[in-house]
Amino acid sequence: MPTQADFHTAISSRSDRWFAACLKITRNRDMAEDAVQDALLNAWNKRHQFDNSARLDTWIHRIAINAALQLLRKNRPAAFEPLETDIEDEGDTPESLRANQELGKTLSAAMTHLSDFERLCFVLKHLEQWRLKEIAEEVGSDVGAVKQAIFRAVRKLRVRMGALQGELK
Amino acid sequence: MNDDTLILYYYNDGLSDSERKTVEAAIHSDPEVAARYDKLCQQLNEFAEVDVAPVPTHTVERWHDTIDRAARQSSVHESRSPQRSFNPFSFAWGAAIAAVLVIGISLSMTQIDPGIEAAAGTSTAFTRGVQVHFRDTYGQLAALPLDSAADRNELVLQIIEQNRLFERVAEQNDSQDLARVLRAFEPILIRLAAEDIEPDDAEALRAKLTFELNVMLTKLSRDTSNETDSANTGIQT
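The present account deals with the structure reproduced in this document.

## Some words on the overall build of chain B
Of the regular secondary structure elements, chain B holds 9 helices and 0 strands. Going from N to C terminus, chain B has its helices and strands arranged as α-α-α-α-α-α-α-α-α. In chain B, which comprises 237 residues, the proportion classed as buried is 45%. Across chain B, every contact between residues at least 6 apart in sequence was considered, and the portion connecting residues at least 24 apart equals 64%.

Now the structure itself:
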C-alpha cells in the first residue's frame with residue numbers, strides 16, 4: 001500500500017502532468033485543479049486497492065482523468081454531446097483564450113479549434129491511449145460516433161498544426 | 001484506402017483482424033498508401049508532444065496539504081476509540097451536529113412550495129444554514145486553545161469535517177462559488193491544525209480565518225436580505 005511519502009513523491013514529480021492532462025480535458029484551470037485535488041483524495045482513500053506492481057503516479061493520473069471527466073460532465077454536460085455535423089470554428093471565448101494562454105502553443109493551441117466532443121475523444125484516444133470502447137462508455141455514446149469525432153479531430157489538427165508550424169518558421 | 005482507416009490502423013483499435021491485414025498488405029504493396037501512412041504517422045507522433053502547463057507553487061502545496069490532511073484524518077479515525085465518552089467538543093459530536101444541520105437544510109429545501117418564493121426560500125434556507133456554520137466556526141475559533149497543539153488539532157479537525165459537509169451541500173445546491181469559498185478555508189485550517197505551528201503563526205491564521213468568516217457573513221446577510229426582498233416584491237436585485 002502506498003505511503004504518505006509515496007504520495008508526496010508522486011505529487012512533486014508528476015502533478016504537473018496530471019494537471020496538464022486535466023486541463024486538456026476541461027480547458028478550465030479551476031476545474032483541472034479540482035480534478036487533481038479530488039483524484040488525490042480518492043486515491044488516498046482507496047490506496048488499499050492499489051496494485052503494488054503498478055506505478056502510483058500512473059494510477060493517480062487515470063483517477064485524475066476520470067475526476068476531470070466527472071467535473072466536466074457536471075459543469076458542461078454539452079461537452080459530451082456528439083455533433084450531428086462537423087462545425088467551423090466558433091471564435092475564441094475569453095475562457096478559451098485564457099485556457100490557450102495557459103496551454104501554450106502548437107498542439108494545445110490547435111486543439112482549441114476542436115469541439116468539446118472532438119477534443120475529449122481525441123485526448124482520451126491519442127494522449128491517454130484509451131480504447132474506443134472505453135471512450136464511448138465514458139462519454140455515453142457509441143464507438144462509431146467516437147471514431148468519427150477522432151477522424152474530424154485529426155483532420156482539423158493536421159491542418160491547424162501545419163498552419164501553426166508555418167507561422168513559426 | 002482512406003486516411004480514416006489508416007488512423008485506426010495507427011491506433012491499433014477499431015479494426016477487425018482481417019481489416020488490419022488488408023491495411024497492412026496495402027501499405028506493403030502500394031507506395032502511395034505507404035507514403036500517406038508514413039506522413040500520417042509522422043504527424044500523429046508530433047501530436048504526442050507533452051506540453052506541461054506550469055502549476056503555481058501554492059496549488060501544488062494545496063495538493064500536498066490534501067494528502068497530509070487525509071493522512072492525519074486517517075490516523076485520527078484509526079486511533080479513536082468507539083467507546084469514547086460524551087464530550088461536547090468531540091469530533092464525533094461536532095460532526096453529528098453538522099449532519100443534523102445539513103439534513104435540516106435538505107429537508108427544508110424539499111418541503112418548499114414551487115414558485116418564486118420557493119426558489120428564494122430554497123436558497124435562503126441553504127444560505128442560513130451556511131451562516132450558522134460560519135457563526136459556529138467563528139465561535140469555535142475564538143475559543144481555540146492556542147497553547148495546546150493536541151486540543152487545537154482536535155477542534156480544527158472538527159471544523160474541517162463540518163466545513164466539508166457544507167461544501168458538499170453547496171455543490172449539491174449548485175452554489176459553486178460558496179463551495180469554492182468553503183474549500184478555500186481548508187488549507188488554512190489544515191495549517192492551523194499542524195502540531196508544530198508556532199503560537200504566533202497560529203494566532204495569525206486564526207485572525208485571517210475570522211476576518212474571512214466576517215466577510216462571508218456580511219456578504220451572506222446581504223444576499224439573504226436581497227433574496228427576501230426579491231421574493232416579496234418580485235423584483236430581482
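## A look at unusual backbone geometry
Phi angles above zero are rare outside glycine, and Arg 27 of chain A is one such case at about 55°. In this structure, Arg 27 of chain A sits in the loop between helix H1 (4-26) and helix H2 (29-45). Look at Asn 12 of chain B: it is not a glycine, yet its phi comes out positive at around 55°. Turning to its location among the elements, Asn 12 of chain B is positioned in the loop between helix H1 (3-11) and helix H2 (17-29). Since its relative accessible area comes to 45%, Asn 12 of chain B is described here as partly exposed.

## Observations concerning the interface of chain B and chain A
Between chain B and chain A, the contact holds 41 residues from the first and 46 residues from the second. Buried surface at the junction of chain B and chain A, summed over both partners, amounts to about 3900 Å²; 55% is from carbon and sulfur atoms. Among the residues chain B hides against chain A, the three largest losses belong to Phe 47, Trp 63 and Ile 67 of chain B. Together they make up 20% of the total. At the boundary of chain B with chain A, the tally comes to 7 salt bridges. For Asp 3 of chain B, the salt bridge goes to Arg 158 of chain A, with nearest N and O atoms at 3.0 Å. Our enumeration of links across chain B and chain A arrives at 21 residue pairs in polar contact (both at pLDDT 80 or more). Of all the elements in the fold, those that place two or more residues in the side of chain B that touches chain A are H1, helix H3 (31-47), helix H4 (57-79), helix H7 (149-172) and helix H8 (176-193) of chain B. When residues of the side of chain B that touches chain A are assigned to their parent elements, the largest contribution, 13 residues, is made by H4 of chain B. In the side of chain B that touches chain A, the residues fall into 19 nonpolar, 8 polar and 14 charged.

## Re the packing of aromatic side chains
Tallied over the entire structure, the rule returns 6 aromatic pairs over all chains. Between Phe 7 of chain A and Trp 44 of chain A, the ring centres sit 5.3 Å apart and the planes meet at 65°, which makes this aromatic pair edge-to-face. With Phe 7 of chain A in helix H1 and Trp 44 of chain A in helix H2, this residue pair connects regions lying 37 residues apart in the sequence. A single burial state applies to Phe 7 of chain A and to Trp 44 of chain A, both of which are buried. Each ring, one from Phe 134 of chain B and one from Phe 185 of chain B, has its centre 5.8 Å from the other, and the planes form 80°; the classification is edge-to-face. One end of the pair, Phe 134 of chain B, is in helix H6 (residues 116-142); the other, Phe 185 of chain B, is in helix H8, and 51 residues separate them in sequence. For the pair shown, Phe 134 of chain B and Phe 185 of chain B are each scored as buried. A cation over a ring is seen here: Arg 47 of chain A above Trp 44 of chain A, with NZ or CZ 3.8 Å from the ring centre. Sitting above the plane of the Trp 130 of chain A ring, Arg 62 of chain A keeps its charged end 3.9 Å from the centroid.

## Some words on the packing of H1 of chain A against helix H6 (residues 116-127) of chain A
Residue and element names in this part refer to chain A. Where H1 contacts H6, the axes come no closer than 8 Å and their chain directions differ by 150°. As the angle between them shows, H1 and H6 are arranged roughly antiparallel. Residues Lys 24, Ile 25 and Thr 26 of H1 lie in contact with H6, whose contacting residues are Arg 119, Leu 120, Val 123, Leu 124 and Leu 127. Of the residues in the contact of H1 with H6, the class split is 5 nonpolar, 1 polar and 2 charged.

Analysis parameters
- Residues numbered from 1 in each chain as written.
- Chains lettered and ligands numbered in written order.
- Predicted model: local features only at pLDDT ≥ 70, side-chain atom pairs only at ≥ 80, totals over all residues.
- Heavy atoms only, no water.
- Helix = DSSP H or I, 4+ residues; strand = E, 2+ residues; numbered from the N terminus.
- Buried < 20%, exposed > 50% of the residue type's maximum accessible area, 1.4 Å probe, protein only.
- Contact = heavy atoms within 4.5 Å.
- Buried area = accessible area lost by both parts, 1.4 Å probe.
- Salt bridge = Lys/Arg side-chain N within 4 Å of Asp/Glu carboxyl O.
- Polar contact = N/O pair within 3.5 Å; in protein donor to acceptor, adjacent residues only side chain to side chain.
- Nonpolar A, V, L, I, M, F, W, Y, C, P; charged D, E, K, R; others polar.
- Phe/Tyr/Trp six-rings, centres within 6.5 Å; stacked < 30°, edge-to-face > 60°.
- Lys NZ or Arg CZ within 6 Å of the ring centre and 35° of its normal.
- Axes fitted to C-alpha atoms, helices over the stretch in contact; angles between N-to-C directions.
- Parallel < 35°, antiparallel > 145°, perpendicular 65-115°, else oblique.

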